[in-house]
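Coordinate inspection notes
Here's the letter readout for the chains.
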Amino acid sequence: MAKYTIDNLPIVKGKYKVIALDLDDTLLRSDKSISENTIKTLQKAQSQGFSIAIATGRHPKSAVLYMQKLGYLNENSYAVCFNGAGVVRLSDYVAFGKDIGFPMVCKETAPSSLVREVAEFAHANNCVVHGYSVTRGLLVENHNPHTQREIDNGRVGFKDISFTTLDDNEEFFKVLVVGEKETLDRIRGELPKKFTDFFAVVRSEANYLEFIPNHSTKGTAIVHLCQALGYTPENAMAFGDAENDLAMIKSVGLGVAMKNGFDIVKEAADVVTLTNDEDGVAELVKKYLD
């Protein structure tokens, strides 16, 4: 378990300048809302010089939506997207006006040839895939409830395709193998070496096994983001709940796990805060405000 709880965490004000926030089960309550308490707390943090960044497995459009709810969508608004495959300045994304081809601070991609092989491996194990193409956006091959959740959360539309017939020139920000928890638990230990040599493979939730190119993670992306903002990772605090948040929590000065988070995340974090439904983000951030 983490060294500290929200009640015994030693507070050093002025050390942290960046607050990186996972969305689902972290910033967002179970009903996908952000409480007024959390909004007011983060706005106060912004007014005191903190930079607020969204760190998500989703498309930038989701980050824009929640940054608008926080009242902090401007030229200094950034997001780590696709679980670390890209960093986006959200004002550039909004100005571009399209959900594909938008400018990025940095990005990593996977070739379609390797994505095809991931799809074939998934199919051989009674799983399906969906993924984010650089040029075509969200691509899906099956409207199962888990993929439908991605469609509903992303709000960027989708295209039905067969992943086994991808064009050789297409590139992907990430691909997800979707299946039953027990199946994904099993096949994770059976992944071909060529997959693990190239991808960071993370579990974002029970029914998703995500493949992020060039071993990118939210952790590698948060380092790039801090550099863009003129800080070091030691000047950042990061909040998360799931395995895909683990690298980010380990890479910053203060790694914060939600009480509702995975045990592996709570063990790696510096501090465990309250649950997402108890405004765990706000209650910890308040300790660093004047």
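Structure shown above.
Right, let's walk through the structure included here. Predicted model only: the values in this text are computed from it and were never measured.

Conventions and cut-offs
Residues numbered from 1 in each chain as written. Predicted model: local features only at pLDDT ≥ 70, side-chain atom pairs only at ≥ 80, totals over all residues. Heavy atoms only, no water. Buried < 20%, exposed > 50% of the residue type's maximum accessible area, 1.4 Å probe, protein only. Helix = DSSP H or I, 4+ residues; strand = E, 2+ residues; numbered from the N terminus. Pairing = 2+ DSSP bridges. Phe/Tyr/Trp six-rings, centres within 6.5 Å; stacked < 30°, edge-to-face > 60°.

Here the focus is the pairing of strand S2 (residues 18-21). Across the two faces of S2 the burial is the same, with Val18 and Ala20 and Ile19 and Leu21 all buried. Both S2 and strand S3 (residues 51-55) contribute to a ladder of four bridges, which runs parallel. The residue of S3 that forms the bridge with Leu21 is Ile54. Pairing geometry for S2 and strand S14 (residues 236-240), over four bridges, is parallel.

On to unusual backbone geometry. Non-glycine residue Asp25 carries a positive phi angle of around 65°. Secondary-structure assignment places Asp25 in helix H1 (residues 23-27). For Asp25, a relative accessible area of 33% puts it in the partly exposed group. A positive phi angle is found at Asn83, which is not glycine, with a value near 60°. Relative to the elements of secondary structure, Asn83 occurs in the loop between strand S4 (78-81) and strand S5 (86-89).

Below, the discussion takes up the packing of aromatic side chains. Evaluation of the coordinates by the stated rule reveals nine aromatic pairs. Ring centres 6.2 Å apart and planes at 90° place the aromatic pair Phe195 and Phe211 in the edge-to-face group. With Phe195 in helix H8 (residues 193-198) and Phe211 in strand S13 (residues 208-213), this pair connects stretches of sequence that are 16 residues apart. For the pair formed by Phe195 and Phe211, the shared burial category is buried. Within the aromatic cluster, the residues linked to one another by ring pairs are Phe121, Phe195, Phe198, Phe199 and Phe211.

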